[in-house]
Amino acid sequence: MTGEDPREEPAGSAERAPGETPHLDESIRRIRAAATETFSSGLDSGRALRKLMSADFALSRSALGRALAWSAVSVVFGASAWLLAMGAAIALLQSWGLSWLASISIATLISLIVTAIAAWRVSVFFDYAGMHATRRQLARLGMFSEAGHDDDDEEAGLPASTSASDRAKTP
């Protein structure tokens, strides 16, 4: 490229009439200039996208670290608040005439119920994170099949008359 602006009219084009088509070499020169400009614009867009992604990842990394730090603070203060609430509940139950053992047992039962509900919800959300639909689609494509080859080898050693329920009972 000679460094000239591709949008400028070449010197030979001044001689053409307004409705006349340009010469082949002039058309090729214009197409090459437009392709170079398009390619350069694409490179510039790619660089801008790379800078944006880099900045976005840096922001995300920083936010994740801060979120983890504040999560730790919230866990510590939440646990201490729960302990104080259970202590107050035990004192309240004690003032109502219940024994220490009964008051502490009731507070423990409440804590165990909340823990069981939380554990159940965690298991549900971990199950959602298992990407079951993606696994099914990949299995349909024959990729990453969940059925192990060991199961096929074990079933091959069993007699043909064995039913599925008998196979399930076999170690």
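In short, a report on the structure. Throughout, residues of each chain are indexed from 1 in the direction in which the sequence is written. A pLDDT threshold of at least 70 governs which residues receive local features in this predicted model, and a stricter bar of 80 or more applies before side-chain atom pairs are shown or counted, although totals over entire chains, interfaces and linings include all residues. By convention in this description, side-chain values take in all heavy atoms of the structure and omit both hydrogens and water.

### A few points about the overall build of the chain
Going by this rule: Under the DSSP-based scheme used, a helix requires at least four consecutive residues in state H or I and a strand at least two consecutive residues in state E, with every element numbered from the N terminus. In this scheme, a residue with accessible area under 20% of its type's maximum is buried, one over 50% is exposed, and one in between is partly exposed, where area comes from a 1.4 Å probe on protein chains only. Two residues form a contact once any of their heavy atoms are found within 4.5 Å. For accessible areas, the Shrake-Rupley method is used with a probe of radius 1.4 Å. Any residue's cover is judged against the shown protein chains and nothing else.
Secondary structure assignment for the chain yields five helices and zero strands. For the chain, the α and β elements follow one another from N to C terminus as α-α-α-α-α. When burial is assessed residue by residue, the chain has 7% of its 171 residues classed as buried. Once local pairs closer than 6 in sequence are excluded, the contacts in the chain between residues at least 24 apart make up 26%. Split by element, the accessible area of the chain, about 14400 Å² in all, is 66% carbon and sulfur.

### Some words on the packing of aromatic side chains
Operational definition: Two rings from Phe, Tyr or Trp (for Trp, the six-membered ring) form a pair when their centres sit within 6.5 Å of each other. Planes less than 30 degrees apart are called stacked, planes more than 60 degrees apart edge-to-face, and all others tilted.
For the coordinates displayed, the defined rule picks out one aromatic pair. Ring geometry for Phe125 and Tyr128: centres 5.8 Å apart, planes at 70°, overall edge-to-face. In this pair, Phe125 and Tyr128 both sit in helix H2 (residues 100-128), three residues apart, roughly one turn of the helix. Judged by its relative accessible area of 60%, Tyr128 is exposed.

### Comments concerning H2
Rule in force here: Expected span of a helix, by definition, is 1.5 Å for each gap between consecutive residues, and there is one gap fewer than residues.
For H2, with 29 residues, the first-to-last C-alpha span of 42 Å sits near the 42 Å given by 1.5 Å per residue. Of the residues making up H2, those classed as buried are Ser103, Ala107 and Val124.

### Let's talk about the pattern of salt bridges
Quick reminder of the rule: Within this document, salt bridges are pairs made up of a side-chain nitrogen of Lys or Arg and a carboxyl oxygen of Asp or Glu, the two lying within 4 Å of each other.
One pass over the structure, following the stated rule, counts two salt bridges. Between Arg30 and Glu26 there is a salt bridge whose closest N-O contact spans 2.9 Å. Within this pair, Arg30 and its partner Glu26 are both found in helix H1 (residues 24-95), separated by four residues, close to a single helical turn. The partner of Arg47 in a salt bridge is Asp44, and the shortest N-O contact between them spans 2.9 Å. You can see Arg47 and its partner Asp44 sitting in helix H1, three residues apart, about one turn around the helix.

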